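Survey of secondary and tertiary structure
Residue strings, one per chain:
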Amino acid sequence: MSVLVFADSSEGKFKKTAFEVVSYGKKVAEQLGTTIVVLTINATDSSELHAYGAEKIITVSNESLGTFNAKQYASIVTEVAKQHTATVVVLDSSIDGLYLAPIVAVNLEAGYASNTVSLPSSTSPFTVKRKAFSNKAFSDTVIATETKVIGLAKNSFGIHENTTTGSSEVFEPTIIELGVLSEKVKRVTGTVTIADADVVVSAGRGLKGPENWGMIEELASVLGAATACSKPVSDLGWRPHSEHVGQTGKPVASNLYIAIGISGAIQHLAGVNASKVKVVVNTDPEAPFFKAADYGIVGDAFEVVPKLIEKLKAFKQV
Ligand SMILES: Cc1cc2nc3c(=O)[nH]c(=O)nc-3n(C[C@H](O)[C@H](O)[C@H](O)COP(=O)(O)OP(=O)(O)OC[C@H]3O[C@@H](n4cnc5c(N)ncnc54)[C@H](O)[C@@H]3O)c2cc1C
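Predicted model, so just to flag it, every value in this text is computed and none were measured. Residue indices follow the written sequence of each chain, beginning from 1 at its first position. Where local features are concerned, this predicted model is filtered to residues with pLDDT of at least 70; where side-chain atom pairs are given and counted, the filter is 80 or more; whole-chain, interface and lining totals use all residues. In computing side-chain values, all of the structure's heavy atoms are included and hydrogens and water are not.

Regarding the site of the ligand
The ligand sits among 26 residues. The nearest are S230, T248, S263, Q267 and N282. Polar contacts, as used here, are pairs of N or O atoms within 3.5 Å; protein pairs need one atom able to donate a hydrogen and one able to accept it. Residues neighboring in sequence count only if both atoms are side-chain atoms. Here an oxygen atom of the ligand sits 2.6 Å away from a polar atom, N or O, in the side chain of S230. Taken together, the residues of the shell around the ligand break down into six nonpolar, 15 polar and five charged. In these notes, residues near a molecule or strand are those with any non-hydrogen atom within 4 Å of it. For this scheme, ten residues count as nonpolar: Ala, Val, Leu, Ile, Met, Phe, Trp, Tyr, Cys and Pro. Four count as charged, namely Asp, Glu, Lys and Arg, and the remainder, Gly too, count as polar.

Below is the structure:
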């Protein structure tokens, strides 16, 4: 019996969610009185994961796995889960994780709890808390199958250092025939991706036009943040579709989400309200976003944002 965690990486480097799922998996293993096994694919330095509780690390290195493919990756997770008689498999809730987890669950005939936000409140019956109804509610979910697959929501458990000594083992997986192959993936975003960002600076139609995004990019750069936008902004071609966040765009669960000139329509909020602290800048004091905001500035973005940049730059020099 074991808890298997898949620690995802990109271009050899672990995503931040990898440290979170390992921290979580370690605690679940402790609850179950068992060990944690961590699987990595093409990561440069898997030993980093010992700092977050990884005991046994299974490393896979194979050039043909350079680009994520859900069917292939799921087959590897399944193989390792069976070899280590994993009763719980933990994955992140990134876009890749959301493709991967249901296939793994089907392969293992396991129950799957997506968007999980807590450690099991009980291990018998195995019960976890999940986000429901576009993050508007929580549901206590019992997974009754022998094997359980958990998709951990980003930033819900946190990264916890828990230095553990352990072993590392190389694994040669079965490479399966794929109908669809991605040859090359070209990144469309800048240095900080929305998925990995701690801070996201997002702007909407209140910015009036694409020519005004210089100040948004500057604010993002001062904060080391990713840039995002509302749906109409990307529909209008003011910003790339990769920046569209919300119910039909990318989900955001950052530590800080700054919304500038965005009204806060329900479809926008559905995708961003998992962020820990939300700051809203809007000229209209009745804008719905203020109800969801932790901090609100009623003001004109064209006056507020340059002042914010100036103050932040001065603060950073102190
Ligand atoms: C099925 C469906 C799915 C959808 N999915 C999404 C989604 O995933 N993401 C998403 O964003 N939307 C989505 N939408 C659209 C959503 O309903 C809203 O229309 C959209 O979010 C509004 O974008 P906005 O806030 O940028 O624009 P607006 O609604 O036009 O709001 C602009 C805001 O800027 C403020 N403003 C104006 N000038 C200034 C200024 N100078 N300084 C500061 N503030 C100013 C205004 O007061 C206003 O509140 C979806 C809609 C549908 C029907």
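Picking up where we left off.
Quick look at helix α2 (residues 70-83)
Numbering of helices and strands starts at the N terminus; helices are DSSP runs of H or I of at least 4 residues and strands are runs of E of at least 2. Helix span, as expected, comes to 1.5 Å for every residue beyond the first. Counted at 1.5 Å a residue, the expected span for α2 with its 14 residues is 20 Å, and the 20 Å between its end C-alpha atoms agrees. α2 sits mainly inside the fold: ten of its 14 residues count as buried. The buried label goes to any residue with under 20% of its type's maximum accessible area, the exposed label to any with over 50%, and the partly exposed label to all in between, with areas taken from a 1.4 Å probe on protein chains only. Every buried residue belonging to α2 is among A70, Q72, Y73, A74, S75, I76, V77, T78, V80 and A81, and all of these are buried. If you check the start of α2, you find a side-chain oxygen 3.0 Å away from the backbone N of K71, and it comes from N69. Taken from the residues just after α2, T85 is the one with a positive phi, measuring 35°.

Thoughts on the packing of aromatic side chains
Two rings from Phe, Tyr or Trp (for Trp, the six-membered ring) form a pair when their centres are within 6.5 Å of each other. A pair whose planes differ by under 30 degrees is stacked, one over 60 is edge-to-face, and the rest are tilted. Inspection of the entire model under this criterion finds seven aromatic pairs. Arranged with centres 6.0 Å apart and planes meeting at 65°, the rings of F14 and F19 form a pair that is edge-to-face. Take F14 and F19: they sit in the same class, and that class is buried. Here the aromatic residues F6, F68 and Y73 are joined through ring pairs into a cluster of three or more. Over the face of the ring belonging to F138 we find K129, whose NZ or CZ atom lies 5.6 Å from the ring centre. The criterion for a charge sitting over a ring is simple: Lys NZ or Arg CZ within 6 Å of the ring centre, and within 35 degrees of the ring normal.

Points about the environment of V272
Structurally, the position occupied by V272 is in helix α6 (residues 266-272). When its relative accessible area of 0% is taken as the criterion, V272 is described as buried. A sequence separation of 23 residues divides V272 from G249, and the C-alpha atoms of the two residues are 9.9 Å apart. Note on definitions: a residue-residue contact is assigned when non-hydrogen atoms from the two residues lie within 4.5 Å. If near-sequence neighbours (up to four positions away) are discounted, V272 is found in contact with V245, V252, Y257, K278 and F289.

With respect to the domain arrangement of the chain
Interfaces are often sized by the accessible area lost when the parts come together. Taken domain by domain, the chain consists of domain 1 (2-170) and domain 2 (199-317). Measuring from the centre of the C-alpha atoms in domain 1 to the corresponding centre in domain 2 gives 31 Å. With seven residues of domain 1 at the interface, the matching set in domain 2 holds ten residues. Buried area is understood as the total, over both parts, of accessible area removed when two parts are fitted together, assessed with a 1.4 Å probe. When domain 1 packs against domain 2, close to 680 Å² is buried across both sides, 42% of that on carbon and sulfur atoms. Salt bridges are counted wherever a side-chain nitrogen of Lys or Arg sits within 4 Å of a carboxyl oxygen of Asp or Glu. Summed over the shared surface of domain 1 and domain 2, the number is zero salt bridges. At the junction of domain 1 with domain 2, the criterion picks out two residue pairs in polar contact (both at pLDDT 80 or more). For the side of domain 1 that touches domain 2, a count of residues per class yields one nonpolar, three polar and three charged. All domain edges in this entry derive from an automatic or database-based domain assignment.

Here's the deal with the environment of I103
Positionally, I103 belongs in helix α3 (residues 95-107). If we skip the residues at most four places from it in the chain, I103 touches A70, K71 and A74.

Here we look at the packing of α2 against α3
Structural elements are reduced to axes, namely lines fitted to C-alpha atoms, with helices fitted over the stretch in contact, and the angle between N-to-C directions of any two is expressed from 0 to 180 degrees. Their axes nearest at 9 Å, the elements α2 and α3 cross at an angle of 45°. By the criterion of interaxial angle, the relationship of α2 to α3 is oblique. For the crossing formed where α2 meets α3, the hand is right-handed. Only Y99, L100, I103, V104 and N107 of α3 make contact with α2, whose side of the interface consists of A70, K71, Y73, A74, S75, V77, T78 and K82. Between 65 and 115 degrees an angle is taken as roughly perpendicular, under 35 as roughly parallel, over 145 as roughly antiparallel, and anywhere else as oblique. If you view the pair so one helix is near and one far, a crossing is left-handed when the near helix is turned anticlockwise from the far one by less than a right angle, and right-handed when it is turned clockwise.

Points about the pattern of salt bridges
Pairing between side chains becomes possible if they bear opposite charge and their charged atoms approach one another. Summed over all chains, the structure comprises ten salt bridges. In this structure, the salt-bridge partner of D8 is K15, at a minimum N-O distance of 3.1 Å. A single burial state applies to D8 and to K15, both of which are buried. Its salt-bridge partner being K231, residue D235 comes within 2.9 Å of it at the nearest N-O pair. With D235 and K231 both in helix α5 (residues 231-235) and four residues apart, the pair spans about one turn of that helix. Accessibility expressed as a relative area gives 47% for D235, which makes it partly exposed. When salt bridges that share partners are traced, they join D8, K15 and D96 into one network.

Topic: the pairing of strand β13 (residues 199-203)
Counting buried residues in β13 gives five out of five residues, a clear majority hidden from the surface. Of the two faces of β13, the one carrying V199, V201 and A203 and the one carrying V200 and S202 are both buried. Only when DSSP finds a minimum of two bridges between them are two strands counted as paired. Bridging between β13 and strand β15 (residues 256-260) involves five bridges; their strand directions are parallel. Bridge pairing in β15 places V200 opposite Y257.

Points about the sheet that holds strand β14 (residues 226-229)
Pairing between the strands of a sheet comes from backbone hydrogen bonds, and it takes one of two forms, parallel or antiparallel. Spatial strand order, β14-β13-β15-β16-β17: five strands in an open sheet with parallel pairing. Of all the strands in the sheet, the pair left with one neighbour each is β14 and β17 (295-298). Between one strand axis and the next, the sheet turns through 15° on average, direction left out of account. Pairing of strand β16 (residues 277-282) with β17 involves four bridges; the strand directions are parallel. Pairing of V280 across the sheet is with G296, part of β17.

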